[in-house]
Amino acid sequence: MKTLLVPVDFSAASHNAYLYARGMAHTMDAMLKVVHVFSGTFEPEAALILTAGMGRAASLQKQLDDFVQRFPEQQEGKLLTQLKVETEVIHGQTVASIVEQSKQADVEMVVIATTGQGDVIDRLLGSVSSAVAQKVERPVVLVPPSVQYQPYKRIMYASNLESTYEEAIQQLVQFNQIFNAAVHFVHVVEEGKIYEEISEEIFGRLFANNDPGFSFSLTSMYNSQSVLDALERYAEQNEMELLVLVNRQRGFLNNLLGNSMTKEMSKYTTIPLMVFHFTGFD
């Protein structure tokens, strides 16, 4: 059975990402594995809640089990389904442990919050989510605070030369078979780049195995300031529900977001971000 891996730190933002992942798992007919990584150090805003009569390991496991059983009252009826949820407390280095967990054969993708509550948690979870998005080879969905899951109707795919690789396009087609959302391929035109070649590549990939089965559009935008600002503006104006980026080693994601991925990602306060990874060659 397909599994969505959900790393949490007990913050409100990570609980929201967990609820978001529940919705995705229900749509995708998948199960959840919710993990908390304990690195051996404590922060004031993320202190361990020790339960009377329990040691550290048992207290952490109880805290995690209670975490996954907590639902907002207005969502309780919708979310309390027969969804299978496993929990595990892992002791180790946070990012490395999440990367290792993601390598399990049944893991379909990772769902993680983009930011937490409080200055310390914000730095911890922000840096973890950005590192996970770059290092995990499975697709990663980064969920902003307060965003509630709805089956996708409009997906935005940020395109450049790397995003036209067959593996990347096929990942998108396979993912969207579940949702049948309208896909907006949006290319931010930069000086010296030829958009016509990119659009032809995308069009050819989409129809490589007959009709893709969903509606799509190909759009170019001129970059007057930053690529992220242009993408965010398009997403807001067209009510996009998911932004998809492609990352291949030191490819589009690093070029797009620069050295401060956490800082740039904080701009996406309402739009979930999905990062696809692939190993195509030039």
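Residues numbered from 1 in each chain as written. Predicted model: local features only at pLDDT ≥ 70, side-chain atom pairs only at ≥ 80, totals over all residues. Heavy atoms only, no water.

Brief notes about the overall build of the chain
What the chain contains, in helices and strands, is 10 helices and 10 strands. Within the chain, the fraction of its 282 residues that count as buried is 52%. Sequence-distant contacts, at least 24 apart, represent 81% of the contacts inside the chain between residues at least 6 apart. Working note: accessible area of the chain is about 13,700 Å², and carbon and sulfur atoms make up 47% of it. (Helix = DSSP H or I, 4+ residues; strand = E, 2+ residues; numbered from the N terminus. Buried < 20%, exposed > 50% of the residue type's maximum accessible area, 1.4 Å probe, protein only. Contact = heavy atoms within 4.5 Å. Areas by Shrake-Rupley, 256 points an atom, 1.4 Å probe, with all protein chains shown as cover.)

Comments concerning the nonpolar core
Core analysis: the biggest nonpolar cluster contains 51 residues, and Y18, M24, L32, Y152, Y157 and F175 have the highest contact counts within it. Element by element, the count of residues in this core is highest for helix α1 (residues 12-28), at nine residues. The residues contacting M24, other than those within four sequence positions of it, are L4, M109, V111, V141, Y149, Y152 and F175. Counting residues in hydrophobic clusters, the runner-up holds 33 residues, among them I112, V128, V132 and L245. (Core = buried A, V, L, I, M, F, W, Y, C linked by side-chain atoms within 4.5 Å.)

What to know about the pattern of salt bridges
Under the defined criterion, the tally for this structure stands at five salt bridges. For E100, the salt bridge is made with K103, and the minimal N-O distance between the two is 3.8 Å. Note on K103: relative accessible area 55%, which makes it exposed. For the salt bridge of E241 with R154, the shortest nitrogen-to-oxygen distance reads 3.5 Å. Residue E241 is located in the loop between α8 (227-237) and β9 (242-247), and its partner R154 is located in strand β6 (residues 154-159); the two are separated by 87 residues in the primary sequence. Judged by its relative accessible area of 21%, E241 is partly exposed. R154 sits in the partly exposed class, given a relative accessible area of 26%. (Salt bridge = Lys/Arg side-chain N within 4 Å of Asp/Glu carboxyl O.)

Considering the pairing of β9
Most of β9 sits inside the fold, with six of its six residues counted as buried. On β9, burial covers both faces: L242, V244 and V246 on one face and L243, L245 and N247 on the other are all buried. Pairing geometry for β6 and β9, over three bridges, is parallel. Across the sheet, Y157 pairs through a bridge with V244, a residue of β9. In terms of strand pairing, β9 meets strand β10 (residues 273-277) through five bridges, oriented parallel. Of the residues in β10, the one forming a bridge with L243 is L273. (Pairing = 2+ DSSP bridges.)

Some thoughts on α8
Looking at α8, one finds that the buried residues are V227, L228, A230, L231, E232, Y234 and A235. Looking one or two places after α8, you find E239, whose phi comes out positive at around 55°.

Section: the environment of F207
Within the secondary structure, F207 sits in the loop between α7 (195-206) and β8 (216-222). Every residue in contact with F207, bar those within four places of it in the chain, is listed here: P212 and F216.

Describing the environment of V111
Mapping V111 onto the fold places it in strand β4 (residues 107-113). In this structure, the C-alpha to C-alpha distance between V111 and V132, residues 21 residues apart in sequence, is 9.9 Å. Among residues more than four places away in sequence, those in contact with V111 are L5, V6, P7, A17, A21, M24, V141 and V143.

With respect to the pairing of β10
Counting buried residues along β10, five of its five residues qualify, which places the element largely inside the surrounding structure. Side chains of β10 alternate between two faces, with L273, V275 and H277 and M274 and F276 buried alike.

Side note on the side chain of S97
Here S97 shows up in helix α4 (residues 94-102). If we skip the residues at most four places from it in the chain, S97 touches V37, I90 and G92.

Things to note about unusual backbone geometry
The backbone of S146 sits at a positive phi, close to 75°, despite the residue not being glycine. Residue S146 is classed as exposed on the basis of its relative accessible area, which comes to 67%. One non-glycine residue, E239, lies in the positive phi region at around 55°. For E239, a relative accessible area of 55% gives the class exposed.

Concerning the packing of aromatic side chains
Counted by the stated rule, this structure contains 10 aromatic pairs. Ring centres 5.7 Å apart and planes at 65° place the aromatic pair F10 and F67 in the edge-to-face group. On the criterion of sequence distance, the pair formed by F10 in the loop between β1 (3-7) and α1 and F67 in helix α2 (residues 56-68) is long-range, its members being 57 residues apart. (Phe/Tyr/Trp six-rings, centres within 6.5 Å; stacked < 30°, edge-to-face > 60°.)

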